[in-house]
Amino acid sequence: SASQLISSIMSHHINMTMGVSLFGCGIWAYAAKRSLPSLIASCTFGCAYLCSAYLIKSNQNPQLGHDIAVVSSALLSLTMGQRVLKNKSYRQPLNIATIMTVSGIVVGGYNLNKSLMYRQPAEIDWDTDTKQQLADNLKSSS
């Protein structure tokens, strides 16, 4: 249907946005506090999201693209969630760590849903001749 076609065409955008946002957050953290670990971690997560977006957009392996984004989102949410709890950043809702944690959860949920959609088995459309042939084959083999 048209909605499925649009969904499959547009499903890489959220991962592309996360990838670019994480690169921006890493550069901002390095510029503000000279935090090399934040720069490296943000760029690593950003690359994972951009790679997942490429796999989805190119239609080479969209399920793998969504799986990569799910794992990246889980790791991002866990690492940034620990930071939020340790620093009690949740008291400041517009804190970068809080935004990254919530974004990781939301994007991870979206990608998990899309990944599970690819795993659903396709329905077989049996016509009456095929059903009859299958029944005859089963009768003759027993």
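Here's what I pulled together on the structure shown here. Every value quoted in this text rests on a predicted model; they were computed, and no experiment measured them.

**Examining the overall build of the protein**
Inference 1: Along the backbone of the protein there are six helices and zero strands.
Inference 2: Along the protein, from the amino end to the carboxyl end, the secondary structure elements read α-α-α-α-α-α.
Inference 3: For the protein, the C-alpha radius of gyration of 22 Å lies well beyond 14 Å, the compact-globule estimate for 142 residues.
Inference 4: Principal-axis analysis of the C-alpha atoms places the extent of the protein at approximately 75 × 30 × 25 Å.
Inference 5: In the protein, the proportion of contacts linking residues at least 24 apart, taken out of those at least 6 apart, comes to 61%.
Inference 6: Only carbon and sulfur atoms are counted for the fraction: they give 64% of the accessible area of the protein, which is about 9600 Å².
Inference 7: In the protein, which carries 11 positive and 6 negative side-chain charges, the distance between the mean positions of the two groups comes to 36 Å.

**Regarding the nonpolar core**
Inference 1: Counting twelve residues, the largest nonpolar core consists of Met18, Leu22, Cys25, Phe45, Tyr49, Ala69, Leu76, Met80, Val84, Ala97, Met100 and Val107.
Inference 2: Those elements giving two or more residues to this core turn out to be helix 2 (13-33), helix 3 (36-58), helix 4 (62-87) and helix 5 (96-119).
Inference 3: Non-local contacts of methionine 80, meaning those with residues more than four positions away in its chain, are made with Ala97, Met100 and Thr101.

**Re unusual backbone geometry**
Inference 1: Even without glycine at this site, arginine 34 takes up a positive phi of about 55 degrees.
Inference 2: By the secondary structure assignment, arginine 34 is in the loop between helix 2 and helix 3.
Inference 3: By relative accessible area, arginine 34 is classed as exposed at 59%.
Inference 4: One non-glycine residue with positive phi stands out, namely asparagine 59, at about 60 degrees.
Inference 5: Looking at the element boundaries, asparagine 59 is found in the loop between helix 3 and helix 4.
Inference 6: By relative accessible area, which is 55% here, asparagine 59 ends up exposed.

**A look at the packing of helix 4 against helix 5**
Inference 1: Interhelical geometry of helix 4 versus helix 5 gives an angle of 155 degrees and a closest axis separation of 7 Å. Put simply, helix 4 runs roughly antiparallel to helix 5. Regarding helix 4 and helix 5, the two cross each other, and that crossing is left-handed.
Inference 2: By residue class, the composition of the contact of helix 4 with helix 5 is twelve nonpolar, eleven polar and four charged.

Quick notes on the rules
Residues numbered from 1 in each chain as written. Predicted model: local features only at pLDDT ≥ 70, side-chain atom pairs only at ≥ 80, totals over all residues. Heavy atoms only, no water. Helix = DSSP H or I, 4+ residues; strand = E, 2+ residues; numbered from the N terminus. Rg over C-alpha atoms; globule rule 2.2 N^0.38 Å. Contact = heavy atoms within 4.5 Å. Areas by Shrake-Rupley, 256 points an atom, 1.4 Å probe, with all protein chains shown as cover. Lys, Arg positive; Asp, Glu negative; His and termini not counted. Charge placed at Lys NZ, Arg CZ, Asp CG, Glu CD. Core = buried A, V, L, I, M, F, W, Y, C linked by side-chain atoms within 4.5 Å. Buried < 20%, exposed > 50% of the residue type's maximum accessible area, 1.4 Å probe, protein only. Axes fitted to C-alpha atoms, helices over the stretch in contact; angles between N-to-C directions. Parallel < 35°, antiparallel > 145°, perpendicular 65-115°, else oblique. Left-handed = near helix turned anticlockwise from the far one by under 90°. Nonpolar A, V, L, I, M, F, W, Y, C, P; charged D, E, K, R; others polar.

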